[in-house]
Amino acid sequence: MASSEGFLTDGQREMLKIASQNAEILSSSPKSPSSLLSDHYVKAPAGGKAQTAGIAVRHVRRSHSAKYGRVKKDGAGGKGTWGKLLDTDIVSHIDRNDPNYDSGEEPYQLVGSTVTDPLDEFKKAVVSIIEEYFSNGDVELAASDLKELGSSEYYPYFIKRLVSMAMDRHDKEKEMASVLLSALYADVISPAQIRDGFFILLESADDLAVDILDAVDILALFLARAVVDDILPPAFLARAMKALPDSSKGVQVIQTAEKSYLSAPHHAELVERRWGGSTHITVEEVKKKIADLLREYVGSGDTLEACRCIRELGVSFFHHEVVKRALVLAMEIRSAEPLMLKLLKEAAEEGLVSSSQMVKGFSRLAESLDDLALDIPSAKALFQSFVPKAISEGWLDASLTKPATEDGEIQVEDEQVKKYKKESVTIIHEYFLSDDIPELIRSLEEIGAPEFNPIFLKKLITLAMDRKNREKEMASVLLSALHIEIFSTEDIVNGFVMLLETAEDTALDILDASNELALFLARAVIDDVLAPLNLEEIGSRLPPKCSGSETVRMARSLIAARHAGERLLRCWGGGTGWAVEDAKDKIMKLLEEYESGGVVSEACQCIRDLGMPFFNHEVVKKALIMAMEKKNDRMLDLLQECYSEGLITINQMTKGFTRIKDGLDDLALDIPNAKEKFSFYVEHAQSKGWLLPSFDSPTTDV
């Protein structure tokens, strides 16, 4: 490189200026070197010579202004210089339309690969499933799509998304969401996942309330509906309450569900119909539709049309009812047998009725064969012919080789048990009509089969559950009377164990079976038929995660609630479920009225009107105490008449005398001759035959 300095003449400088202007016109790039040169064209220093000779102008490192500026370190330059190579002070732009565009001038960018979260992907996928379900109402399709997604560990988040989306929509979608949850319960989504999903909803209640004004009330209704539909146990509410902060809206949701919905009379019907029930059909309605389509099929013989109607019902979880009713119809109308068996075979081959639903339908029919035989004498023989035929043709699982008995065992009952069940059903039906407990007890004593007492209890409660509140109340009252008269505590425990072992099958016919059984259990404890420890014993004899175990836990939570006694005594309308204090007060008043000059027949009628035969031992006790206090033996005449009429049984008499005997020491503080009087009453009652001879008076104890 030449060491002498170069210079620009005036002509050269003018040519450079013109060339720069022409280059700027040709280029639209603001960062074009020619453009920069036009703004900072080179000037000669004051000395008249250029500092570099023979070097291209663009490499000149000197000031383009009239003043001389020293170049800074690293070539950044001073005032008037271009700056260093990577200087960012000048705002630059790259124009890809520039003819001189070079992709190498593009700045480098770090591009990170996106890491997908499986939960996020699941949440996005279920939104489309829910939207599609809200548009077409196809429960089967929604269940199938959810299964295809896999990721079953994320199902609680599906529940949260389903409910939260429905909360912001109309009543139709809210009803559809509840129906879908009931359909998915157990078959697709486990009970534990249902509980987890609702707990996540309760935790997010504060966030939901920001967007939905009445979120607390809507979510409380979803919670109550889940309890009514038996997909959430009532005990869940108490557990969730403890796990949530006291100030959270989730706690408000639980409180609203308990107070506004679950505590109201007839709450189940109210909750189920709150959203109009536009998509929810009751079990009775489903049964009617199934019966109608089967009878229409008998007339038309169109198997394809019948299958289409079954599919349109959209209740695959209830197809066992189709199987059962088809078989019953085949028994009732002998000419329809080939058609019904053809329909069931076609439905099984198409996959319309699953193998498990087919087995369940046959099993349910097997359980009711005794009752069915009363109307169709050949029912058992016909059933025994259907089973091998279905197995040989491949549309019934070979595991069902024998009818399932009512006690849940696959075996043939002996004739003695069958006869007892038939007689007990007749006795129970008569009791529901007459409300005559002494007559029922006499009938059971005439049968003389105390070893079958648990079977009678199971029959009693099962029949009552499928009737109105009146019969349920009568069953509880009868249970108390039977416990005092002829049933041992062990009989009661065994009967409830048998009931709870088959609770899932019972729920197929009785929608609210779990809640009803829990009420019967809790009521038995309140009525002193069972002790709380008996519930522990019953629970220990059941599988840990079965429906029956959940029912026992539900009963415990009912008993543990505040004012449980009064609420449970009135759980079915309180026809006879008074509080104990009310009953005692009524007994005292009728005895005082009789003692003051009333007639025996009138007093007996008043005792009968009480409608509490299991509590008649209180009548005996109070009558004896009043006889001691008043020194009037008229009360013995009343007790004699009550026994003669069958109004007070000998067991109730004995229990009343026993209660006096147990408290005789305390009674003697107020009535000095209480022991002597009581000994006289014992001898009198035994001589008249209305007290057991084995009863020991206090004098013999001494």
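Residues numbered from 1 in each chain as written. Predicted model: local features only at pLDDT ≥ 70, side-chain atom pairs only at ≥ 80, totals over all residues. Heavy atoms only, no water.

Here is the rule: UniProt positions are given in the numbering used here, feature names are shortened, and annotations may be inferred rather than shown by experiment.
The name that an unreviewed UniProt entry assigns to the protein is MI domain-containing protein, with the source organism given as Phaseolus vulgaris. For the record of the protein, the UniProt heading Sequence similarities (unreviewed entry) holds the text "Belongs to the PDCD4 family." UniProt lists a comment for the protein under the heading Subcellular location (unreviewed entry), and it reads "Cytoplasm, Cytosol".

### Structural notes on the overall build of the protein
Heads up, the condition is: What counts as a helix is a DSSP run of H or I of at least four residues, what counts as a strand is a run of E of at least two, and both are numbered from the N terminus. Buried, partly exposed and exposed residues are distinguished by accessible area as a fraction of the type maximum, computed with a 1.4 Å probe on protein chains only: under 20%, between the cut-offs, and over 50%, respectively. Every residue pair with non-hydrogen atoms within 4.5 Å of one another is taken to be in contact. In short, Shrake-Rupley with a 1.4 Å probe defines the accessible areas, and a residue's cover is counted only from the protein chains shown.
A count of helical and extended segments in the protein gives 37 helices and 0 strands. Here the protein holds 702 residues, and 46% of them are scored as buried. Residue pairs at least 24 apart in sequence account for 72% of intrachain contacts in the protein once pairs closer than 6 positions are excluded. Counting every atom, the protein has about 36400 Å² of accessible surface; 51% of that belongs to carbon and sulfur.

### Section: the environment of leucine 202
Here leucine 202 is to be found in helix α7 (residues 191–203). The exposure class of leucine 202 is buried, given its relative accessible area of 2%. Note: C-alpha distance between leucine 202 and glycine 250 (48 residues apart in sequence) is 4.5 Å. Residues in contact with leucine 202, not counting those within four places in the same chain, are Leu219, Leu223, Phe236, Ala240, Leu244, Gly250, Val253 and Ile254.

### Points about the nonpolar core
Just so we agree on the cut-off: To define a nonpolar core, start from buried Ala, Val, Leu, Ile, Met, Phe, Trp, Tyr and Cys residues and group those joined through side-chain atoms within 4.5 Å.
Phe158, Phe198 and Leu223 are the most contacted members of the largest nonpolar core, which has 64 residues in total. Here the element with the most residues in this core is helix α9 (residues 215–228); it accounts for 12 residues. The residues contacting phenylalanine 158, other than those within four sequence positions of it, are Phe122, Val126, Ile130, Leu146, Leu180, Leu184 and Ile189.

### So, the packing of aromatic side chains
The geometry of an aromatic ring pair is captured by two quantities: the separation of the ring centres and the angle between the planes. Heads up, the rule is: What counts as a ring pair is set by centres within 6.5 Å for rings of Phe, Tyr and Trp (its six-membered ring), and what kind of pair is set by the plane angle: stacked under 30 degrees, edge-to-face over 60, tilted for all other angles.
Under the defined criterion, the tally for this structure stands at 14 aromatic pairs. Relative to tryptophan 395, the ring of phenylalanine 362 lies with its centre 6.2 Å away and its plane at 55°, an arrangement referred to as tilted. Taken together, the positions of phenylalanine 362 in helix α17 (residues 355–367) and tryptophan 395 in the loop between α19 (379–392) and α20 (415–434) put the pair 33 residues apart, joining distant regions of the chain. In this pair, the class of phenylalanine 362 matches that of tryptophan 395, namely buried. Relative to tryptophan 690, the ring of phenylalanine 657 has its centre 6.2 Å away and its plane inclined at 55°; by these criteria the two rings are tilted. With phenylalanine 657 in helix α34 (residues 650–662) and tryptophan 690 in the loop between α36 (674–688) and α37 (698–701), this pair connects stretches of sequence that are 33 residues apart.

### A closer look at the packing of α20 against helix α23 (residues 469–485)
For clarity, the cut-off: Helix axes are fitted only over the stretch in contact, all axes being lines through C-alpha atoms; the angle between N-to-C directions runs from 0 to 180 degrees. Should an angle lie under 35 degrees it is considered roughly parallel, over 145 roughly antiparallel, and from 65 to 115 roughly perpendicular; all remaining angles are considered oblique. With the far helix as reference, a near helix turned anticlockwise by less than a right angle produces a left-handed crossing, and one turned clockwise produces a right-handed crossing. Throughout this entry, Asp, Glu, Lys and Arg are counted as charged residues, while Ala, Val, Leu, Ile, Met, Phe, Trp, Tyr, Cys and Pro are counted as nonpolar. The remaining residues, Gly among them, count as polar.
Interaxial distance between α20 and α23 falls to 10 Å at its minimum, and their mutual angle equals 110°. Here α20 is positioned roughly perpendicular relative to α23, judged by the angle of their axes. The chirality of how α20 crosses α23 is right-handed. Residues Tyr431, Phe432 and Leu433 of α20 lie in contact with α23, whose contacting residues are Arg470, Glu471, Met474 and Leu478. Partitioned by chemical class, the residues of the contact of α20 with α23 number 5 nonpolar, no polar and 2 charged.

### A word on helix α6 (residues 171–184)
So the rule is basically this: Take the number of residues in a helix, subtract one, and multiply by 1.5 Å to get its expected span.
Its 14 residues give α6 an end-to-end C-alpha distance of 20 Å, which sits within 8% of 20 Å, the value for a rise of 1.5 Å per residue. What α6 keeps buried is the set Glu173, Lys174, Glu175, Met176, Ala177, Ser178, Val179, Leu180, Leu181, Ala183 and Leu184. Directly after α6, the chain includes alanine 186, whose backbone phi takes a positive value near 75°.

### Quick look at unusual backbone geometry
The phi dihedral of serine 151 falls on the positive side, at around 50°, and the residue is not glycine. Mapping serine 151 onto the fold places it in the loop between α4 (139–149) and α5 (155–167).

### Observations regarding α19
Under the convention used in this document: By definition, the arc is the one covered by directions from the helix axis to the C-beta atoms.
With 14 residues, α19 ought to run about 20 Å at 1.5 Å a step, and its terminal C-alpha atoms sit 20 Å apart, in line with that. Residues of α19 that are buried include every one of Ala379, Leu382, Phe383, Phe386, Val387 and Ala390, and no others. Mapping the buried residues of α19 onto a view down its axis gives an arc of 140°, with all of them on the same face. Turned more than 90 degrees away from the buried face of α19 sit Ala381 and Ser392, all of them exposed. Elements in contact with the buried residues of α19: α15 (319–332), α16 (337–349), α17 and α18 (369–375).

### What about the confidence of the model for the protein?
Using the following cut-off: Along the chain, pLDDT gives the predictor's confidence residue by residue, from 0 to 100.
Counting all residues, the mean pLDDT for the protein is 77, and 78% of those residues have values of 70 or more. Averaged pLDDT values for the elements of the protein fall to 40 in helix α2 (residues 33–39) and rise to 92 in α5. Predicted confidence is poor over residues 84–90, with pLDDT under 50, and the contacts of this stretch with residues over four places away or in other chains come to 3 contacts. Scored below 50 in pLDDT, residues 402–413 makes 30 contacts in the model with residues more than four places away or belonging to other chains.

### Considerations on the pattern of salt bridges
Basically, it comes down to this: Basic side-chain nitrogens of Lys or Arg form a salt bridge, by our definition, when they fall within 4 Å of a carboxyl oxygen of Asp or Glu.
Counting across every chain of the model gives 23 salt bridges. Between lysine 472 and glutamate 516 there is a salt bridge whose closest N-O contact spans 2.9 Å. Of this pair, lysine 472 sits in helix α23 while glutamate 516 sits in helix α26 (residues 513–526), and the two are 44 residues apart along the sequence. Both residues of the pair, lysine 472 and glutamate 516, count as buried. Between arginine 659 and glutamate 618 there is a salt bridge whose closest N-O contact spans 2.6 Å. Of this pair, arginine 659 sits in helix α34 while glutamate 618 sits in helix α32 (residues 616–630); the two residues are 41 residues apart in sequence, bridging distant segments of the chain.

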